[in-house]
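Single-letter residue listing:
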Amino acid sequence: MSLEKMIDELYALSKKAIASGIHVSFEMGSVGYPCGVWVDEPTERKMTTYEIYSEEALMEESVKNYEAAVKHFTRLLKEKGY
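Residues numbered from 1 in each chain as written. Predicted model: local features only at pLDDT ≥ 70, side-chain atom pairs only at ≥ 80, totals over all residues. Heavy atoms only, no water.

A. Fine view of the packing of helix H1 (residues 3–19) against helix H2 (residues 59–79). Orientation of H1 relative to H2, taken along the N-to-C sense of each, is 25°, at an axis distance of 10 Å. The angle between H1 and H2 places the two elements in the roughly parallel class. With respect to the hand of their crossing, H1 and H2 are arranged in left-handed fashion. Along the contact surface, H1 presents Met6, Glu9, Leu10, Leu13, Ser14, Lys16 and Ala17, while H2 presents Met59, Ser62, Val63, Tyr66, Ala69, Val70, Phe73 and Leu77. Its residues placed into classes, the contact of H1 with H2 shows 11 nonpolar, two polar and two charged. (Axes fitted to C-alpha atoms, helices over the stretch in contact; angles between N-to-C directions. Helix = DSSP H or I, 4+ residues; strand = E, 2+ residues; numbered from the N terminus. Parallel < 35°, antiparallel > 145°, perpendicular 65-115°, else oblique. Left-handed = near helix turned anticlockwise from the far one by under 90°. Contact = heavy atoms within 4.5 Å. Nonpolar A, V, L, I, M, F, W, Y, C, P; charged D, E, K, R; others polar.)

Written as structure tokens, this is what we have:
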């Protein structure tokens, strides 16, 4: 999966999560990592961070972070009835 597709999907999931009341912060930038997603679960008092990197050497880590974020969003949205 391309970097752009991963970021697009995470952005779409972030918007859906925010609309459902889930606390999410989504950041894009041109310096450092191009995409960061923070998911806050106040009931569990924890915040999970997922970073997507543009460097080829970190692409494997980015894919793992992307897959974990999608799984996390899917679980939270399912809990909210989406």
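B. Highlighting the layout of surface pockets. Approximately 210 Å³ is the volume attributed to the largest pocket. Taken together, Gly21, Ile22, His23, Asp40, Glu41, Pro42, Thr43, Glu44, Arg75, Leu76, Glu79 and Lys80 make up the lining of the largest pocket. Only strand S2 (35–41) and H2 provide two or more residues apiece to the lining of the largest pocket. When grouped by side-chain class, the residues that make up the lining of the largest pocket number three nonpolar, three polar and six charged. (1 Å grid on protein atoms, 1.4 Å probe; cavity = no way out; pocket = protein on both sides within 12 Å on 5 of 7 lines; lining within 4 Å. Points joined across faces, edges and corners; volume = space filled by probe spheres on them.)

C. Structural context of the sheet that holds strand S1 (residues 23–28). Pairing is antiparallel across the open sheet formed by three strands, whose spatial order is S1-S2-S3. What marks the edges here is a single partner per strand, and that holds for S1 and strand S3 (46–52). Geometrically, the sheet is characterised by an average inter-axis angle of 10° between neighbouring strands, direction not taken into account. Both S2 and S3 contribute to a ladder of seven bridges, which runs antiparallel. Residue Asp40 lies in a different strand from S3, and its bridge partner there is Met47. In this fold H1 packs onto S1, S2 and S3, with an angle of close to 150° to the strand it touches most, S1. Against the sheet, H2 contacts S1, S2 and S3, and its axis sits at roughly 140° relative to S3. (Pairing = 2+ DSSP bridges.)

D. View of the pattern of salt bridges. All told, the structure shown has three salt bridges when counted by the stated rule. In this structure, Glu60 and Lys64 form a salt bridge, with 3.7 Å as the shortest nitrogen-oxygen distance. Of this pair, Glu60 and Lys64 are both found in helix H2, four residues apart, which corresponds to roughly one turn of the helix. The partner of Glu79 in a salt bridge is Arg75, and the shortest N-O contact between them spans 3.0 Å. Of this pair, Glu79 and Arg75 both sit in helix H2, four residues apart, which is roughly one turn of that helix. You can call Arg75 partly exposed: its relative accessible area is 35%. Shared partners join several salt bridges into a network, and the residues in it are Glu41, Arg75 and Glu79. (Salt bridge = Lys/Arg side-chain N within 4 Å of Asp/Glu carboxyl O. Buried < 20%, exposed > 50% of the residue type's maximum accessible area, 1.4 Å probe, protein only.)

Bear in mind that shape data such as this cannot, by itself, settle questions of function.
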